[in-house]
Amino acid sequence: MTLALSRRRLLSTAMAGGCAALLPAFPRSVLAAAPAKDRPIRLTIERRTLDVNGKAASVFGIRQPDGTHGLVLDPGRRFLVDLANRAGEEAVIHWHGQTPPHAQDGVADINRPTIRDGGSASYDFAPRTGTHWMHSHHGLQEQLLMAAPLVVRGPDDVRADEQEVTVLLHDFTFRDPAEVLASLTGSAGGTGHGGHGQMGHGSHGSMGHGAMNHGGMAMDLNDVEYDAYLANDRTLADPEVVRVERGGRVRLRVINGATSTAFHLDLGRLTGEVVAADGNPVHPVIGNRFGISMGQRLDIRLTLPADGGAFPILALREGAMQRTGIVLATPGAIVQRVAEQGEAATEALDLSLERRLVAEQSLGTRAADRTARVRLTGSMTPYVWSLDDRTFGTHAPLTVRQGQRVELTFENPSMMAHPMHLHGHHFQVVAIDGRPVVGAVRDTVLVPTMGSVTVAFDADNPGRWPLHCHNLLHMATGMMTEVVVEGVG
């Protein structure tokens, strides 16, 4: 399922996903008459069988008619998609990283229905370039791999003399997601406090609270002990091997689509440059190990040695020994097996990379018209996560006016880190632990235990926009609120 673009041309197709909208499906007569570039791309949400270490699992997929997972859009092409739901249950797909009109965001509420099984919905908006992804925003379907990459290529990508390789990370278990959530909350139904209704049918593992020490207090790192960790649907028992050129350049597009697992990206013998975060260009940051939390994306540019070889690109589970990944291999290289367990547990993710990231295009200097503090509250026992001690449904939305500059400070007094995601907008990181930075422009930022992060954005997209932790299990128990952008006039 890798997206590989050999030098200057596409070698394989991409993965992506959808988001429900209130637009009708495009009539067949319109499709037949339209030029190919103006015809909607068809995507279907459907069931598929996945082999995970020799055992079959029923999961979801988002595919084009030819079987291609997800979507790659060439420069200048609109996001023109006809999404059919054949999943066997209602669904809704969020285009994570895109900033469409409110009705096309892919979140079900009183004004935006889910897509019924057998139904379809259509989308038409100007997309943001970069590495993004699509995933369910209904119940716990995301845990069942209802997700795929969404790559929107810019003019520089076409001109670049480099191969593109996209990697979508997941955590996976054979248990039903509702059962797993129930094991965490102690409830029979597993619906939590989030008011999201049906929790889906799927797979989850048992609880596994990997803990570390922070200032003398126990810090929780992992809610769930999963059965496997996947990179493009495969484990290291049978990893994807991507053929690359000796001395060639690779643009690695990494998407953390895991439900509740953060990773350290380990480039092994290679050194890379982070050139984009959440699809937005940053000044290059050199290294060979980078943290990536749930919902986040990193573009990393690599230059392969002239003598070639096989190069594992690994995702190491935070606070644990498990790992997954792919292998980049030049022609004739011997690919050796990589163990699924490392020699030692990794450390907790921190903001060392975040502090080094500087946006290529800053929001610009402007005084904030509206500031707010959001406390990330909750605990493992009882397993209830919230914002400002309010679960979704009892939340207090933040209302702002269109055109205002808004600054939000996330304060985390809890003993878990939380990746915070805002729909409908991208924000710039402007302070970490109270110290000003001119950071990356993102849509998802990690807020570590006992830390704070301030972000700024211009409220230019009217609507009711979810603001939530991108740990699905935290959101399901209530860790979500809304930013309401009221239109002017």
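Our subject is the structure that appears above.
Sequence order as written defines the numbering, with residues in each chain counted from 1. Reporting in this predicted model follows two pLDDT cut-offs: at least 70 for local features of residues, and 80 or more for side-chain atom pairs to be given and counted; totals over whole chains, interfaces and linings ignore these cut-offs and use all residues. Side-chain metrics in this entry use all non-hydrogen atoms of the structure; hydrogen atoms and water are not considered.

Sorry if this is basic, but what is going on with the overall build of the protein here?
Secondary structure elements are taken from DSSP: a helix is a run of H or I of four residues or more, a strand is a run of E of two residues or more, and numbering for both begins at the N terminus. Regarding its fold elements, the protein presents five helices and 37 strands. Counting only residues that meet the buried cut, the protein has 59% of its 489 residues in that class. Here the contacts in the protein between residues at least 6 apart in sequence split such that 75% fall between residues at least 24 apart. Only the protein chains shown count as cover for residues, with accessible areas throughout obtained via the Shrake-Rupley method and a probe of 1.4 Å. A total of about 18,100 Å² of accessible surface is found on the protein, and carbon and sulfur atoms cover 50% of it. Note on exposure labels: buried denotes an accessible area under 20% of the residue type's maximum, exposed denotes more than 50%, and partly exposed covers the range between, all computed with a 1.4 Å probe on protein chains only. Pairs of residues are marked as contacts when any of their non-hydrogen atoms sit within 4.5 Å.

Teacher, can you tell me more about empty space enclosed by the protein here?
One way to see where empty space is left: roll a probe the size of a water molecule over the atoms. Both cavities and pockets are sets of points on a 1 Å grid over the protein atoms alone; in a cavity a 1.4 Å probe fits but cannot get out, in a pocket the set is open with protein on both sides within 12 Å along at least five of seven lines, and lining residues sit with an atom within 4 Å of a point. Grid points are joined across faces, edges and corners, and a volume is the space filled by probe spheres set on the points. Evaluated as defined, the whole model comprises six cavities of 30 Å³ or more. By volume, the largest cavity amounts to about 90 Å³. Every residue lining the largest cavity is counted, 14 residues in all, and those nearest its centre are Leu221, Met294, Glu318, Met416 and Ala417. Note on residue categories: nonpolar means Ala, Val, Leu, Ile, Met, Phe, Trp, Tyr, Cys or Pro, charged means Asp, Glu, Lys or Arg, and polar means any other residue, Gly included. For the lining of the largest cavity, the per-class residue count stands at seven nonpolar, five polar and two charged. Both domains that meet at the lining of the largest cavity, namely domain 2 (228-348) and domain 3 (358-486), each give it at least three residues. Within this model, the second largest cavity holds a volume of roughly 60 Å³. Domains are outlined according to an automatic or database domain assignment.

Can you walk me through helix α3 (residues 177-185) in this structure?
Helical periodicity: at 3.6 residues per turn, an α-helix aligns residues three or four positions apart in one direction. Here α3 has its buried residues at Pro177, Ala178, Val180, Leu181, Ala182 and Leu184. Here a polar contact is recorded for every N or O atom pair within 3.5 Å, except that within protein the pair must consist of a potential hydrogen donor and a potential acceptor, and residues adjacent in sequence are included only if both atoms are side-chain atoms. Two or three places before Ala178, at the start of α3, stands the capping residue Asp176, its side-chain oxygen 2.7 Å from that residue's backbone nitrogen. In the stretch just after α3, Gly186 is the one whose phi turns positive, near 80 degrees.

Quick question: what am I supposed to make of the sheet that holds strand β37 (residues 480-486) here?
Adjacent strands of a sheet form backbone hydrogen bonds with each other and so pair up, either parallel or antiparallel. Pairing between two strands is assigned when DSSP locates at least 2 bridges connecting them. A sheet is described by the order of its strands in space; here five strands give the open sequence β28-β37-β36-β30-β34, paired in mixed fashion. Strands with a single pairing partner mark the edges of an open sheet, and in this sheet they are β28 (398-401) and β34 (444-447). Going across the sheet, the axis of each strand differs from the next one's by a mean of 20 degrees, ignoring polarity. Inter-axis angles, ranging from 0 to 180 degrees, are taken between N-to-C directions of lines fitted to C-alpha atoms, where helices are fitted over the stretch in contact.

Got a minute to help me understand the packing of aromatic side chains in this structure?
Centre-to-centre distance and the angle between the planes together describe a pair of aromatic rings. Any Phe, Tyr or Trp ring, taking Trp's six-membered ring, that has another such ring centre within 6.5 Å forms a pair; planes under 30 degrees apart are called stacked, those over 60 apart edge-to-face, and the others tilted. Considering all chains together, one arrives at seven aromatic pairs under this definition. Relative to Trp95, the ring of Phe79 lies with its centre 4.7 Å away and its plane at 65 degrees, an arrangement referred to as edge-to-face. Note that Phe79 is positioned in strand β6 (residues 79-86) and Trp95 in strand β7 (residues 93-96), a separation of 16 residues in sequence. According to the relative accessible area criterion, Trp95 is buried, its value standing at 0%. Relative to Trp385, the ring of Tyr383 lies with its centre 6.1 Å away and its plane at 85 degrees, an arrangement referred to as edge-to-face. Assigned by exposure class, Tyr383 and Trp385 land together as buried. What links up through ring pairs into an aromatic cluster is the set Phe79, Trp95, Tyr123 and Phe125. In this scheme, the term charge over a ring applies when either NZ of a lysine or CZ of an arginine sits within 6 Å of the ring centre and within 35 degrees of the ring normal. Its guanidinium or amino end placed over the ring of Phe60, Arg47 lies 4.2 Å from that ring's centre, counting from NZ or CZ. One cation-aromatic arrangement involves Lys55 over Phe174; the distance from NZ or CZ to the ring centre is 4.3 Å.

In this structure, what is going on with the pattern of salt bridges? I would like to understand it.
Oppositely charged side chains may form a pair once their charged atoms are brought near each other. By salt bridge we mean one thing: a side-chain nitrogen of Lys or Arg within 4 Å of a carboxyl oxygen of Asp or Glu. Applying the stated rule across the entire model yields 30 salt bridges. One salt bridge connects Glu411 with Arg373, and the closest N-O pair in it is separated by 2.4 Å. Here Glu411, found in strand β29 (residues 405-411), pairs with Arg373, found in strand β26 (residues 370-379); they are 38 residues apart in sequence, far enough to count as distant. A relative accessible area of 54% places Arg373 in the exposed class. One salt-bridge network, in which partners are shared between bridges, spans Asp74, Arg153, Asp157, Glu162, Glu164, Arg249, Arg251, Arg253, Asp299 and Arg301.

Sorry, what's going on with the nonpolar core here?
In globular proteins that are soluble, nonpolar side chains generally tend to be buried together. The nonpolar core is taken to be a set of buried Ala, Val, Leu, Ile, Met, Phe, Trp, Tyr and Cys residues, with the residues joined through side-chain atoms within 4.5 Å. In this structure, Leu252, Leu328 and Phe410 are the most contacted members of the largest nonpolar core, which totals 79 residues. Of all the elements, helix α5 (residues 472-476) adds the most residues to this core, at four residues. Both domain 2 (228-348) and domain 3 (358-486) contribute no fewer than three residues apiece to this core. The contact partners of Leu252, leaving out residues within four places of it in the chain, are Val165, Val167, Leu267, Leu298, Asp299, Ile300, Leu302, Ile313 and Ile326. Counting 24 residues, the second largest nonpolar core, distinct from the first, contains Ala91, Met134, Ala148 and Leu150.

Hey, could you run me through the pairing of β29 in this one?
Looking along a regular strand, one sees the side chains alternate between the two faces of the sheet. In terms of residue burial, β29 counts as a mostly covered element, since five of its seven residues are buried. With six bridges connecting them, β26 and β29 associate as parallel partners. In the sheet register, Arg373 faces β29, and the bridge partner there is Thr409. Looking at chain direction, β29 and strand β35 (residues 452-458) are connected through seven bridges and run antiparallel.

Looking at this structure, how should I read the side chain of Thr444?
Looking at the secondary structure, you find Thr444 in strand β34. The exposure class assigned to Thr444 is buried, which follows from its relative accessible area of 0%. Engagement of the side chain of Thr444 in a polar contact is seen with the side chain of Asp443, the distance being 2.7 Å. Residue contacts for Thr444: discarding those within four places in its chain leaves His96, Asp278, Met294, Gly295, Gln296, Arg297, Pro419, Met420, His421 and Phe427.

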